[in-house]
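# Analysis of the macromolecular model
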Amino acid sequence: MSTFFRAGVDRRNFLKTTAVAAGGLVAMPYISTGARAAKLKTVNFSEAVHNLGYINLYVGMHDGIFEKHGLDMKVSAAGGDTQTFAAVLGGSADFAIGDATMAQISRENGGPGVVVGTVVQRAHYFGVSKTMEPFTDPKDLKGKKVVTSPEPNTNYSVTKRMVEQAGLKLGTDVIIVPVSPGTEIGAMLAGQADMAVAYQPSVAAAEAQGSKVVFDFSNYIGPFCNTGIMVLPSTIEKDPEMVQALVTAFEEASRKTYADPAFSKKVARLEFPDLPGEVVDKAIDAELKYLIPAQSVVTKPDQWKNLMDMQIYLGNIKGTVSFDQIIDNSFAEKAVKQLG
């Protein structure tokens, strides 16, 4: 699997990258779902970080759903939200899943980017601590250190906005300690912070080591396009059949994820073999309980509005590109009709 990773891709460099429209990808021959084809279409697919928020992707792969729709998925983890969209811009990935704000930033700066579906429909983050008690009022974070991924990764963004909306001053009342994506729990357990803002299965693994979930971001934020499927307009133009096949496969896989929790747990165990099975099972139970994976690939206006409102508040975007300009739900809506 090829992975596009540019060391030190910060937001400023990302904006410069997106200011220039990337060239189109070369479309390969599409194999229709109804055809008996000897060869599947290879799709280079970039995920921000390997985690159980993307369980619908893994269910689709292990259940043969993508293959059924004529696709051979080559999935690689990019190491963060900026890196995964940069893979699409650079041409090493046909699609990327991560914080869809990256596509919005690109568009606002004259670059390309379209969101054709939602993969994670709520904030898939939990506050985890070994010293704090559960809380619902963000003011309780006063005097605490919180570890997240670096800005502009989503767990940093949701934490910063929550802290500031509670009337607390970042850097004084609350200190955010940024670490590499996926290492938040380890940093908290090592004593670098009072609380980690992390995702599954790291959260369940931390619970198994004596930590507890002290804050639930999914209900605090509500409907939220935490993760979108991002693609270039040139790819849609050159190979709309491939885009449709991928989106339809995601719709089918998302339904399978909720309809068959036992299978979802089996898949999760295969994807994270180094974790105890019961830890992975608990992680999936939490994902489904809090409705974190998308139940449908269709991107809803309230999900997108909550994401955009947060990013406008943080100053990451201006909000000058409307929902209809950046969200193309035509493939998702067709998938829903096809699957019934």
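Per chain, residues are indexed from 1 in the order of the written sequence. Reporting of local features is limited, given that this is a predicted model, to residues whose pLDDT is at least 70; pairs of side-chain atoms are given and counted only at 80 or more, and all residues count toward the totals for whole chains, interfaces and linings. Excluded from the side-chain calculations are hydrogens and water; all other atoms, namely the structure's heavy atoms, are used.

### Some words on the overall build of the protein chain
Basically, it comes down to this: Secondary structure is summarised from DSSP: a helix means a run of H or I of at least four residues, a strand means a run of E of at least two, and numbering begins at the N terminus for each. Exposure categories follow from relative accessible area, calculated using a 1.4 Å probe and restricted to protein chains: below 20% of the type maximum is buried, above 50% is exposed, and the middle band is partly exposed. Every residue pair with non-hydrogen atoms within 4.5 Å of one another is taken to be in contact.
Within the protein chain, the regular secondary structure consists of 16 helices and 10 strands. Of all 340 residues assigned to the protein chain, the portion counted as buried reaches 55%. Counted over contacts in the protein chain with a minimum sequence separation of 6, partners at least 24 positions apart contribute 82%.

### Here we look at the pairing of strand β6 (residues 145-148)
The line we're drawing: For two strands to count as paired, DSSP must find a minimum of two bridges between them. Here, the term right-handed applies to a crossover whose path from the first strand over the helix to the second runs clockwise when the strands point away from the viewer.
Across 4 bridges, β6 lies against strand β7 (residues 175-178) in parallel orientation. Of the residues in β7, the one forming a bridge with Val 146 is Ile 176. Handedness of the crossover joining β6 and β7 through helix α6 (residues 154-165) is recorded here as right-handed. Relative to strand β8 (residues 195-198), β6 is paired through 2 bridges, and the arrangement is parallel. Across the sheet, residue Val 147 finds its bridge partner in β8, namely Ala 196.

### As for the pattern of salt bridges
Selection criterion: Salt bridge, as applied in this entry: a Lys or Arg side-chain nitrogen positioned within 4 Å of an Asp or Glu carboxyl oxygen.
Evaluation of the coordinates by the stated rule reveals 10 salt bridges. One salt bridge in this structure joins Lys 68 and Glu 252, with 2.4 Å as the shortest N-O distance. Here the residue Lys 68 occupies a position in helix α3 (residues 65-68), and Glu 252 occupies one in helix α11 (residues 240-259), the gap between them amounting to 184 residues.

### Some details on empty space enclosed by the protein
We apply this condition: Lining residues are those with an atom within 4 Å of a point, where the points come from a 1 Å grid over the protein atoms alone and group into cavities, where a 1.4 Å probe fits but cannot get out, or pockets, open sets with protein on both sides within 12 Å along at least five of seven lines. Grid points are joined across faces, edges and corners, and a volume is the space filled by probe spheres set on the points. Residue classes follow a fixed rule: Ala, Val, Leu, Ile, Met, Phe, Trp, Tyr, Cys and Pro count as nonpolar, while Asp, Glu, Lys and Arg count as charged, and any other residue, Gly among them, counts as polar.
In total, this model carries 2 cavities of 30 Å³ or more according to the counting rule given. In this structure, the largest cavity spans a volume of roughly 120 Å³. Mapped onto the lining of the largest cavity, the elements with two or more residues apiece are α6 and β10 (223-231). Grouping the constituent residues of the lining of the largest cavity by class yields 6 nonpolar, 8 polar and 2 charged.

### Some details on helix α4 (residues 81-90)
Most of α4 is tucked away: 9 of the 10 residues are buried. Inspection of α4 places Asp 81, Thr 82, Gln 83, Thr 84, Phe 85, Ala 86, Ala 87, Val 88 and Leu 89 among the buried residues, and these make up the whole buried set. A positive backbone phi angle near 90° is found at Gly 91, which sits one or two residues after α4.

### Overview of unusual backbone geometry
A cis geometry characterises the amide bond from Glu 151 onward to Pro 152, with omega recorded as 10°. Summarising the element assignment, Pro 152 is placed in the loop between β6 and α6. A cis amide bond links Gln 200 with the next residue in sequence, Pro 201, at an omega value of 5°. Examined against the element boundaries, Pro 201 turns out to sit in the loop between β8 and α8 (202-208).

### A short note on the nonpolar core
For the record, the criterion: Among the buried residues, those of types Ala, Val, Leu, Ile, Met, Phe, Trp, Tyr and Cys that are joined through side-chain atoms within 4.5 Å form a nonpolar core.
The biggest cluster of nonpolar side chains holds 103 residues, and the ones touching the most others in it are Leu 57 and Leu 246. Among the elements that make up this core, the one with the highest residue count is α11 (8 residues). Non-local contacts of Leu 57, meaning those with residues more than four positions away in its chain, are made with Phe 45, Glu 47, Phe 66, Met 73, Val 75, Ile 97 and Phe 250.

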